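# Coordinate inspection notes
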Amino acid sequence: MKINTSVFLLKQEYSSIDDAFVDKTNVLEGNGCRIYITSRACNLPAWSGVVQKFLPEGKGRNILQSASSGAIIALKVKDRVMALSFASGRYNLDQNKMEDRFGLKTCLNMQTSDKFRNLKIQSLEVNGVQKLESRSSWSEMNDFSINIENEMIKSVTGQVDDEWFGKNVSGFDSLSIKIDFENCDINAVCEKLLDAYYSDDYKRQYDFIDKIFPVNKKSVLNKLDEELFQKIRNHDENVWMCIPDFLDWENVEYIKYLDDEEEDDVRIEKFYEVIDGDENKTIDFLKRSYIKCYSSEGKCLYKQNAYYCSTAEVHLGNESYILNNAKWYSISTDFEKELDLLDEDIRNNSEIYSSVGLPAYTCDKEEDYNKECALSSDFDLWDQQLVDRIEVCDLWSKRKEFIHVKKYSSSAVLSHLFLQGLVSATRLCQSKNFRQKVEQKGMKENLFTSGKMFASVDTFHAKDYSVKFAIISKDVQKFRLPRFSLISYRQTKRNIEDMGYSVGIIKIQKEKPVE
């Protein structure tokens with residue numbers, strides 16, 4: 001009989017079998033291993049009282065009582081330590097010492113037919129939406145709707161063909177597997193799993209899993225938080241602060257943080273002033289300091305701590321990490337190089353607002369700025385003009401540019417901007433009916449002052465048009481997209497360019513309104 005088992009691998013630096021356990025008092029010496037056994041006394045579940053109300057007096061109580069037990073077998077496997085957990089035994093494993101993604105890599109390397117039952121997937125943008133995709137039959141990875149450019153796999157359930165194991169193997173940090181302990185040697189099983197983990201076979205089909213993944217180990221998270229705070233002390237330019245969530249900015253009159261002074265934006269320099277010279281402050285200071293947005297009536301519309309509002313890039317040893325919405329992610333060297341090249345291209349080759357005839361931003365609201373731009377005969381105002389619930393653009397340029405305007409903000413907000421541009425570009429390119437409605441809208445609302453969008457709605461050549469993302473920031477010379485926004489922009493740019501458009505970013509300087 002095959003037994004359900006969760007297998008963990010300790011990190012390389014932990015060479016003692018006892019390192020696996022949190023509580024070592026109940027650890028026993030076994031045959032070539034160390035064993036931990038836990039057993040809980042019989043108890044009644046919380047819902048038992050409800051059931052007993054409907055039972056005859058004294059009946060059924062013994063059936064309702066249950067006990068739980070669990071165990072861990074930890075042993076040396078070559079030069080590593082492996083732990084096999086049964087039932088609740090896993091709760092005595094020191095998770096901070098376990099290898100990240102041991103189960104995921106091992107599961108993928110055990111694949112012989114590229115067959116999977118389900119995938120747990122997390123988006124790399126817009127607050128990390130998670131989803132579980134399941135199939136009623138074994139399916140290839142390509143049959144699942146995962147976008148490898150901006151989504152990451154959290155776990156997989158794959159099919160294996162091995163006499164020692166069951167047909168289903170699941171894994172992320174641990175490996176969930178059924179093992180036929182009666183007909184196999186436990187040391188041989190563990191060596192087989194370790195060899196599978198060390199293999200690079202998965203890179204032939206699934207190398208995208210190494211691009212980026214969440215950090216879960218508390219010890220690493222603590223080091224990252226310490227490095228983050230030190231960077232803030234050093235006024236490092238690789239740390240930003242901004243409101244990371246979607247707000248109705250038209251209703252935001254002012255922002256307060258650290259003191260009662262009313263601000264129009266979040267300035268990390270203000271945190272520098274408070275932190276400088278105070279050696280007693282730690283990362284907890286950011287977690288306890290709140291940024292609040294208020295309406296003109298003094299009503300608090302938004303409240304979030306400064307740690308959540310921070311974005312950062314940090315290096316520990318040879319590893320690179322990014323902070324987004326209070327979550328740390330590890331990023332591969334190769335993927336980081338790709339993003340660095342895109343970042344450099346944006347900083348060096350993006351258009352400056354004045355070079356394309358746009359003014360600096362001196363308004364309180366984006367809609368007022370768009371109206372100001374449309375005073376020029378070079379631009380038509382399409383802000384808030386919806387066609388089939390889609391905003392075609394904020395500004396239409398006589399240079400045949402669909403311009404989408406947004407204040408510099410968090411990855412979630414900027415990713416939403418890029419998505420708007422992609423949706424509009426796709427519909428314009430693919431739907432004659434949509435183009436007809438756009439033209440009808442423009443004629444009815446008298447929106448075309450700089451020239452019509454289409455020579456003919458019957459044909460559309462994307463190569464004749466550009467999609468531009470105009471981003472308003474406090475300093476166009478230091479303008480940089482956060483890492484997660486780069487990931488989103490990278491994919492959006494590819495998708496739009498594949499249709500034939502040219503794509504670019506316009507940097508708009510934010511200046512104080514003239515009194």
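Notes on the structure in this doc start here. (Residues numbered from 1 in each chain as written. Predicted model: local features only at pLDDT ≥ 70, side-chain atom pairs only at ≥ 80, totals over all residues. Heavy atoms only, no water.)

### Considerations on the overall build of the protein
A tally of regular secondary structure across the protein gives 13 helices and 26 strands. If you line up the protein on its principal axes, its C-alpha atoms span 85 × 60 × 60 Å. Here the protein holds 515 residues, and 52% of them are scored as buried. Across the protein, the fraction of contacts at a sequence separation of at least 24, relative to all contacts at a separation of at least 6, is 67%. Of the roughly 25,400 Å² of accessible surface on the protein, a fraction of 45% belongs to carbon and sulfur atoms. Here the protein carries 71 positive and 84 negative side-chain charges, and the mean point of each set is 4 Å from the other. (Helix = DSSP H or I, 4+ residues; strand = E, 2+ residues; numbered from the N terminus. Buried < 20%, exposed > 50% of the residue type's maximum accessible area, 1.4 Å probe, protein only. Contact = heavy atoms within 4.5 Å. Areas by Shrake-Rupley, 256 points an atom, 1.4 Å probe, with all protein chains shown as cover. Lys, Arg positive; Asp, Glu negative; His and termini not counted. Charge placed at Lys NZ, Arg CZ, Asp CG, Glu CD.)

### Quick notes on the nonpolar core
Counting residues in hydrophobic clusters, the biggest one holds 46 residues, and the most contacted among them are Val392, Leu481 and Tyr501. Of all the secondary structure elements, the ones that give two or more residues to this core are strand S11 (212–214), strand S18 (327–331), helix H9 (333–349), helix H11 (411–430), helix H12 (432–444), strand S25 (466–473), helix H13 (483–499) and strand S26 (502–509). Tallying contributions element by element places H11 first for this core, with six residues. Counting 42 residues, the second largest nonpolar core, distinct from the first, contains Val7, Phe116, Ile179 and Cys190. (Core = buried A, V, L, I, M, F, W, Y, C linked by side-chain atoms within 4.5 Å.)

### Some words on the sheet that holds strand S3 (residues 34–39)
Across the sheet, ten strands lie side by side as S2-S3-S4-S5-S1-S10-S9-S8-S6-S7; this open sheet has antiparallel pairing. The open sheet has two edge strands, strand S2 (27–29) and strand S7 (130–139), and neither has a second partner. Across this sheet, the average inter-strand angle for adjacent strands is 25°, counted without regard to direction. As paired strands, strand S6 (residues 116–123) and strand S8 (residues 151–159) are joined by seven bridges and run antiparallel to one another. By the bridge assignment, Phe116 is partnered in S8 with Gly158. Along the sheet face, helix H3 (residues 102–109) touches strand S1 (3–9), strand S5 (80–87), S6, S8, strand S9 (168–171) and strand S10 (175–179) and points at about 50° away from the line of S8. (Pairing = 2+ DSSP bridges. Axes fitted to C-alpha atoms, helices over the stretch in contact; angles between N-to-C directions.)

### Re a negative patch on the surface
Judged by side-chain charge, Asp248, Glu250, Glu253, Glu261, Glu262, Asp264, Glu297, Asp364 and Asp368 come together as a negatively charged surface patch. By the secondary structure assignment, Glu262 is in the loop between strand S13 (254–256) and helix H7 (268–275). (Patch = residues over 30% accessible without salt bridge, like charges linked within 9 Å, V, L, I, M, F, W, Y side chains within 5 Å. Salt bridge = Lys/Arg side-chain N within 4 Å of Asp/Glu carboxyl O.)

### Some points on H12
Along its 13 residues, H12 runs 18 Å from first to last C-alpha, staying within 8% of the 18 Å computed at 1.5 Å per residue. When H12 is considered as a whole, its buried residues turn out to be Phe434, Arg435, Val438, Glu439 and Gly442. Considered in projection along H12, the buried side chains sweep an arc of 135° and stay on one side of the axis. In H12, the exposed residues that point more than 90 degrees away from the buried face are Gln440, Met443 and Lys444. Near the N-terminus of H12, the side chain that reaches the backbone nitrogen of Asn433, with its oxygen 3.5 Å away, is that of Ser431. Asn446, located one to two residues past H12, shows a positive phi value of around 55°. (Expected span 1.5 Å × (residues − 1). Arc of directions from axis to C-beta. Polar contact = N/O pair within 3.5 Å; in protein donor to acceptor, adjacent residues only side chain to side chain.)

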